[in-house]
Each structure stands twice: as structure tokens, then as C-alpha cells.
Amino acid sequence: MGTVVWIWMKLLRSLNRAITAVVEGFLAVGFVAMLGLAALQVFLRFFFHTGIVWGDVAARYLVIWVGFFGAYLATREGKHFHVDALVRLFPFRIRFWCRAVTDLFAAFVCGFLLRASITFVQVGIDPGSILFLGIPEWIPATIVPVGFGLLTLEFFTHAAVSLASLFQGKSNKGAA
């Protein structure tokens with residue numbers, strides 16, 4: 001059983017690293033595009049009293065994309081919000097159990113939000129609605145289910161690593 005868990009965890013970590021590399025790339029491109037577009041809008045308005053018609057809408061959507069990608073990376077690094085003041089008082093092994101339970105709960109909540117956001121994109125957005133430059137509105141809105149999907153996967157990965165570490169009797173510092 002230990003070998004199966006080890007292989008499963010190695011596969012999960014490899015998948016997690018690959019997803020993280022893609023997310024970091026999208027985050028960098030999105031952040032540069034967002035800042036560049038906002039700076040260009042300010043420049044055009046200040047000096048030429050005009051702007052890009054779709055610039056503000058695009059910047060708004062880029063903020064959402066950058067926010068979700070940043071949330072994923074913060075969660076991956078364990079730098080997301082924690083409510084663990086009491087957990088720090090617990091013995092070392094119990095802390096990992098608490099972390100695993102809270103990560104599973106967070107994965108469940110994010111999974112629920114993933115399902116709700118898929119429904120929103122499918123039902124709440126008119127499929128014929130064009131946002132700008134011929135881009136249908138549902139395309140930029142897909143970041144919401146994608147973001148919650150990434151967060152669900154990350155919280156599940158953290159919980160799995162904590163549980164595997166507990167059952168193998170190892171510390172999971174630097175997990176995932």
C-alpha cells in the first residue's frame with residue numbers, strides 16, 4: 001500500500017507542478033496586459049482625451065483572471081488566509097489532522113462554487129452576447145469556474161499530502 005500511495009503522490013505532485021507552471025505563465029501575461037492596458041488608457045485620456053472603447057471592460061476581466069491565478073498560487077504556497085490561531089496550540093500530529101480536515105472542507109466549498117459558477121456561465125450569460133472585439137462574453141467569464149476548479153484541486157492536493165504524510169509518519173513541510 002505504501003508504494004501505491006507514494007506513486008499516487010508523485011503523480012499528483014507532478015501534475016500540480018505542471019499546472020502551476022501554466023498558471024504562472026498566464027498570470028505573468030495577464031498582469032502585464034492588465035497594467036499595459038490601464039496605463040495606455042490613462043495616457044490616451046490624459047493627452048488625447050480619448051481611449052480604447054473596450055479597454056476598461058478588458059482590464060476588468062483581466063483583474064478577475066489575475067486574481068484567480070494569484071489565489072491559486074497563494075493557496076499552493078500556503079499563503080492564503082488561515083484561521084488557525086487555536087490550531088497552533090495543538091500537538092504536531094493533530095495540527096496535520098486539522099489541516100487535512102480544513103483543506104478537505106475548503107476543497108468541498110470550492111467544489112460547490114465550481115459547480116455554481118459552471119451553471120452561471122451556462123445559464124446566466126447569453127451565449128450570443130459579444131463582449132468586445134468579437135469575443136463572446138462567456139469566454140472571459142470561464143475564469144470563474146476554471147479558478148474555482150484550480151482551487152478545488154489545490155486544496156484537495158494539500159489534504160492528500162497531509163493525510164499521506166500522517167499515514168507514512170512523515171512531516172509534510174513544503175507539501176505539494
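Residues numbered from 1 in each chain as written. Predicted model: local features only at pLDDT ≥ 70, side-chain atom pairs only at ≥ 80, totals over all residues. Heavy atoms only, no water.

How should I be thinking about the nonpolar core in this particular structure?
The nonpolar side chains of a soluble globular protein tend to be buried with one another. Grouped together as the largest cluster of nonpolar side chains are 18 residues, with contacts concentrated most on V23, F69, Y72 and L150. Secondary-structure elements contributing two or more residues to this core are α1 (2-48), α2 (55-76), α3 (92-124) and α5 (143-168). In terms of residues, this core owes the most to one element, α2, which gives six residues. The residues touching L150, leaving out its near neighbours within four places in the chain, are I19, V23, F69 and Y72. Residues L37, L44, I52 and A59 belong to the second largest nonpolar core, which totals six residues. (Core = buried A, V, L, I, M, F, W, Y, C linked by side-chain atoms within 4.5 Å. Buried < 20%, exposed > 50% of the residue type's maximum accessible area, 1.4 Å probe, protein only. Helix = DSSP H or I, 4+ residues; strand = E, 2+ residues; numbered from the N terminus. Contact = heavy atoms within 4.5 Å.)

Teacher, can you tell me more about the packing of α2 against α5 here?
Between two packed helices, both the angle of their axes relative to each other and the distance between the axes serve to describe the pair. The interhelical angle for the contact between α2 and α5, taken along N-to-C directions, is 0°, at an axis separation of 9 Å. The orientation of α2 relative to α5 falls into the category roughly parallel. Across the interface between the two elements, I64, W65, F68, F69, A71, Y72, T75 and R76 from α2 touch I143, V144, G147, F148, L150, L151, E154, F155 and H158 from α5. In the contact of α2 with α5, the residues fall into twelve nonpolar, three polar and two charged. (Axes fitted to C-alpha atoms, helices over the stretch in contact; angles between N-to-C directions. Parallel < 35°, antiparallel > 145°, perpendicular 65-115°, else oblique. Nonpolar A, V, L, I, M, F, W, Y, C, P; charged D, E, K, R; others polar.)

Can you help me understand the confidence of the model for the chain in this one?
Detailed reading of the predicted model is not advised wherever pLDDT is low. Per-chain confidence: the chain averages 87 in pLDDT, with 91% of residues scoring 70 or above. Low confidence marks residues 172-176, where pLDDT is under 50. Its contacts with residues over four positions away, or in another chain, come to 14 contacts. (pLDDT = per-residue confidence, 0-100.)

Please explain the packing of aromatic side chains as it appears in this structure.
Within a pair of aromatic rings, the relevant descriptors are the distance that separates the centres and the angle that separates the planes. Under the criterion given, the structure shown has seven aromatic pairs. Measuring from ring centre to ring centre gives 5.9 Å for F26 and F69, while their planes differ by 15°; the resulting arrangement is stacked. With F26 in helix α1 and F69 in helix α2, this pair connects stretches of sequence that are 43 residues apart. Residue F26 is classed as partly exposed on the basis of its relative accessible area of 48%. (Phe/Tyr/Trp six-rings, centres within 6.5 Å; stacked < 30°, edge-to-face > 60°.)

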